[in-house]
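# What the coordinates show
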Amino acid sequence: MAALAPALGAFTRAAPARRPRTLGKSTRGRPISRVSPRAAAPAWLDTESPRDSVPDDVSAEAPLRVLVAGGGLGGLFAAICLRNAGADVAVLERTGEYRPFGGPIQLASNGVSTIKATSEKLFNAVHKVSRPFWKTTSGIRDGLKGSWMFTFGAITELPDEMDLPFSICVDRSDLQEQLLQEIDDENIVQMNSAFAKYENLDEKDGGGVLVTLEDGREIHADILLGADGIWSKVRSQLFNEPSGVKGAGSTASFTGYKLFSGLPIFKPYYYEDVGYSAFIGPDHYFVTCPDRKGRVQWYGFIKASKPNSPDQEDPVKFLESTLEGWAPEVLELIKATDPDSIEQRDLWDRFPSVTKSWADGNVTLLGDSAHATMPNIGQGAGLAFEDGYELGEILKTVKKRSDVKTALQEFYRKRIIRTAAVQGLGRMNSEAIKILTPLLPIRPLVEYFIGPFLPLVFRVQFGYCYSFAPEKMRAMEARQLADEMRQRHRDEAEVAWREAEATGVEVNGVENKHENPAMEVIAN
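Since the model is a prediction, treat every value here as computed from it, not as a measurement.

Thresholds applied
Residues numbered from 1 in each chain as written. Predicted model: local features only at pLDDT ≥ 70, side-chain atom pairs only at ≥ 80, totals over all residues. Heavy atoms only, no water. Helix = DSSP H or I, 4+ residues; strand = E, 2+ residues; numbered from the N terminus. Buried < 20%, exposed > 50% of the residue type's maximum accessible area, 1.4 Å probe, protein only. Contact = heavy atoms within 4.5 Å. Areas by Shrake-Rupley, 256 points an atom, 1.4 Å probe, with all protein chains shown as cover. Phe/Tyr/Trp six-rings, centres within 6.5 Å; stacked < 30°, edge-to-face > 60°. Lys NZ or Arg CZ within 6 Å of the ring centre and 35° of its normal. Pairing = 2+ DSSP bridges. Axes fitted to C-alpha atoms, helices over the stretch in contact; angles between N-to-C directions. Parallel < 35°, antiparallel > 145°, perpendicular 65-115°, else oblique. Left-handed = near helix turned anticlockwise from the far one by under 90°. Nonpolar A, V, L, I, M, F, W, Y, C, P; charged D, E, K, R; others polar. Core = buried A, V, L, I, M, F, W, Y, C linked by side-chain atoms within 4.5 Å. Patch = residues over 30% accessible without salt bridge, like charges linked within 9 Å, V, L, I, M, F, W, Y side chains within 5 Å. Salt bridge = Lys/Arg side-chain N within 4 Å of Asp/Glu carboxyl O. pLDDT = per-residue confidence, 0-100. Expected span 1.5 Å × (residues − 1). Disulfide = S-S within 2.5 Å.

## Comments concerning the overall build of the protein
Along its length, the protein carries 15 helices and 21 strands. Counting only residues that meet the buried cut, the protein has 58% of its 524 residues in that class. Taking as baseline every contact in the protein between residues at least 6 positions apart, the subset at least 24 positions apart corresponds to 78%. For the protein, the exposed surface amounts to about 21,900 Å²; the carbon and sulfur share of it is 53%.

So, in structure tokens, the structure goes:
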């Protein structure tokens, strides 16, 4: 376990030790990004640095010192925003190296706009490893027949009308790597550094916050930002919740679903034309999202009466049995997936914290630590990026350390209504699916009565999500960029499919037997 480097001075910033990031091979054939666990730390991380030497005035010589607990997507993006705001930032990451995790995520137009407002370089880099939702159709499909029920035209229509960058699909690992490249300073991310507890200090003790790590080290900072996910240890202390407890023993809310996910190389007929599809059927729903390099991410939301059920030893057999009689578009993806690669977990979210602030003295929260939401609305990463951006904008105005507490409360007040609304939309979508699935036998009536209203409902929902847009992008430029991404997406997939077929892997899916609304979108 690497220790933090010794002090170099009270406020001087350590010179960046820009060693090349080590690259390895992932289980999916993608690079693993690693940050050196022995990178030299910013001087103020030294436990022996005198607290009373910190002036109240914030300046270029004595910037705000921000400690970010959690080196995930939200924590890394916040570090970029806070550094841009003039703060001296260090990120504590409990693991020893970054490994591939998860699959592609949707980063909606509001999140992409936030990236663009933060760094044009990062915006361009992320788009080189993403695929666009432009010229695709997303929506709800009949889980048993496979035909389309309702489509979400607003996903592509609204950004085009509002001069916003289009929503994108990007692998978590690829996005994480681009964030690390943007940081480009291994001093900032401290590996093997796990948060244990914090203590807000009185002014007579130097003010700020004293953070203790699991290995006993202590760090004095001006701000602690908890970005350590839904099972956040910073949140546990801030809200006086059981520390280190996950699942049913926690204060999180079980959504009633167990999530299964896979990422096979596969060539379905809709690969280029669909952003994502939610197949709904009795009790369950199944989401597909074409990824880069010929892969398709799928998520099976399987109804569960209680959390913490044992994982299935053979998830393919379990899902094929549970979803027997479902559309071939669903079953073929399950069959194409290696059972050992299928991930299983209970699905949790949290109720909005409207009665208690997520800021405590010189400590605050960000992302899932503060407002975990359902994945069906595609706003988890986007909200976290908004948090980082807004916190950076607020901290730009802080001139004295004694004003930090007030600034963090302002951050909470500025974010709580929006994040609570998006959390509510995510849970509402989940509950709506639960209502729709028993009505499938009378689907024509459902479509007749509900169909005319849904485009407006979707437009209002996505319009609100996209309303946070710190930087615009002209529609013509956004379309041109998206078309370039589509061509790159197509070429990469063809290469991956040929390579897979050369090794004997069957990649071709069933033929399309349904009307495909995506064809109309592309024609226009």
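## Comments concerning the packing of aromatic side chains
As enumerated under the stated definition, the model contains 18 aromatic pairs in all. Each residue in the set Phe133, Phe152, Tyr276, Phe458, Phe462 and Tyr466 is aromatic and connected to the rest through ring pairs, giving one cluster. When the ring centre of phenylalanine 239 is taken as reference, the NZ or CZ atom of arginine 235 above it lies at 4.5 Å. Positioned above the aromatic ring of tyrosine 464, the side-chain terminus of arginine 418 is 5.3 Å from the ring centre.

## Some remarks on the sheet that holds strand S12 (residues 209-213)
Strands in a sheet are paired, the pairing made by backbone hydrogen bonds, and the direction either parallel or antiparallel. What the 3 strands build is an open sheet, ordered S11-S12-S13; its pairing is antiparallel. Each edge of the open sheet is held by one strand with a lone partner, namely strand S11 (195-200) and strand S13 (218-221). Geometrically, the sheet is characterised by an average inter-axis angle of 25° between neighbouring strands, direction not taken into account.

## Focus on the packing of helix H1 (residues 73-84) against helix H10 (residues 380-395)
Packing of H1 against H10 leaves a shortest axis separation of 8 Å and a crossing angle of 25°. Judged on the interaxial angle alone, H10 and H1 are roughly parallel. The hand of the H1/H10 crossing is right-handed. Packed against H1, whose contacting residues are Leu73, Gly74, Phe77, Ala78, Cys81 and Leu82, the element H10 presents Ala384, Phe385, Gly388, Tyr389, Leu391, Gly392 and Leu395 at the interface. Each residue belonging to the contact of H1 with H10 can be placed in one class, and the counts come to 10 nonpolar, 3 polar and no charged.

## Considerations on the nonpolar core
Counting 80 residues, the largest nonpolar core has Leu67, Leu179, Val189, Tyr198 and Leu224 as the members making the most contacts within it. Ranked by residue count, the leading element in this core is H1, at 8 residues. If sequence neighbours within four positions are ignored, leucine 67 has contacts with Trp44, Leu45, Ala90, Leu92, Val211, Ile219, Ala221, Ile223, Leu224 and Leu225.

## Structural notes on a nonpolar patch on the surface
A contiguous nonpolar patch, built from Ile442, Leu445, Tyr448, Phe449 and Ile450 and spanning about 530 Å² of accessible area, is present on the exposed surface. Residue position: isoleucine 442 is located in the loop between helix H11 (404-436) and helix H12 (443-450).

## A closer look at the confidence of the model for the protein
Of all residues in the protein, 88% have pLDDT values of 70 or greater, and the mean over the chain is 86. Below pLDDT 50 for its whole length, residues 1-34 participates in 87 contacts with residues either more than four positions away or in separate chains. Within the model, the stretch residues 518-524 combines pLDDT values under 50 with 9 contacts to residues more than four positions away or in other chains.

## Focus on the pairing of strand S9 (residues 168-171)
Neither face of S9 is left uncovered, since the one carrying Ile168 and Val170 and the one carrying Cys169 and Asp171 both have all their residues buried. Here strand S5 (residues 104-107) runs beside S9; their pairing, made up of 4 bridges, is antiparallel. Within S9, the position partnered with proline 104 by the bridge is aspartate 171. Sheet analysis places strand S6 (residues 130-132) next to S9, joined by 3 bridges and oriented antiparallel.

## Some remarks on the pattern of salt bridges
Counting across every chain of the model gives 28 salt bridges. Through salt bridges with shared partners, a single ionic network connects Glu386, Asp387, Arg415 and Arg418.

## What to know about helix H5 (residues 172-183)
If you check H5, its first and last C-alpha atoms are 17 Å apart, about what 12 residues at 1.5 Å a residue would give, namely 16 Å. With respect to burial, H5 is a largely interior element, 10 of its 12 residues being buried. Taken together, the buried positions of H5 are occupied by Ser173, Asp174, Leu175, Gln176, Glu177, Gln178, Leu179, Leu180, Glu182 and Ile183.

## Regarding the pairing of strand S3 (residues 65-69)
Taken across its 5 residues, S3 has 5 buried, putting it largely inside the fold. Summarising the sheet, S3 and strand S4 (residues 88-92) pair through 5 bridges and their orientation is parallel. Paired with arginine 65 across the strands is aspartate 88, a residue of S4. Pairing of S3 with strand S14 (residues 223-226), which is carried by 4 bridges, proceeds in the parallel orientation. Across the sheet, residue valine 68 finds its bridge partner in S14, namely leucine 225.

## So, the environment of alanine 117
Turning to its location among the elements, alanine 117 is positioned in helix H2 (residues 109-118). Here alanine 117 falls in the partly exposed class, since its relative accessible area comes to 25%. The sequence separation of alanine 117 and lysine 472 amounts to 355 residues, and the corresponding C-alpha distance is 8.5 Å. Not counting residues up to four positions away in its chain, the partners in contact with alanine 117 are Tyr389, Pro470 and Glu471.

## Some words on the environment of glycine 153
If you trace the backbone, glycine 153 turns up in the loop between strand S8 (148-151) and helix H4 (154-162). In this structure glycine 153 comes out as partly exposed when scored by relative accessible area, which is 27%. Distance from glycine 153 to glycine 139, taken between C-alpha atoms, is 8.3 Å for residues 14 residues apart in sequence.

## Observations concerning the packing of H2 against helix H3 (residues 120-127)
As a packed pair, H2 and H3 sit with axes 5 Å apart at the nearest point and diverge in direction by 135°. The orientation of H2 with respect to H3, classified from their angle, is oblique. Here Val112, Ile115, Lys116 and Thr118 of H2 come into contact with H3, specifically with Glu120, Leu122, Phe123 and His127. Tallied by class, residues from the contact of H2 with H3 come to 4 nonpolar, 2 polar and 2 charged.

## Some remarks on the state of the cysteines
Taken as a whole and judged by the stated rule, the model has 0 disulfides. Looking at cysteine 289, it has no disulfide partner, and the nearest cysteine sulfur is the one in cysteine 169, 3.5 Å off. Among the residues examined, cysteine 289 registers a relative accessible area of 9% and is labelled buried.

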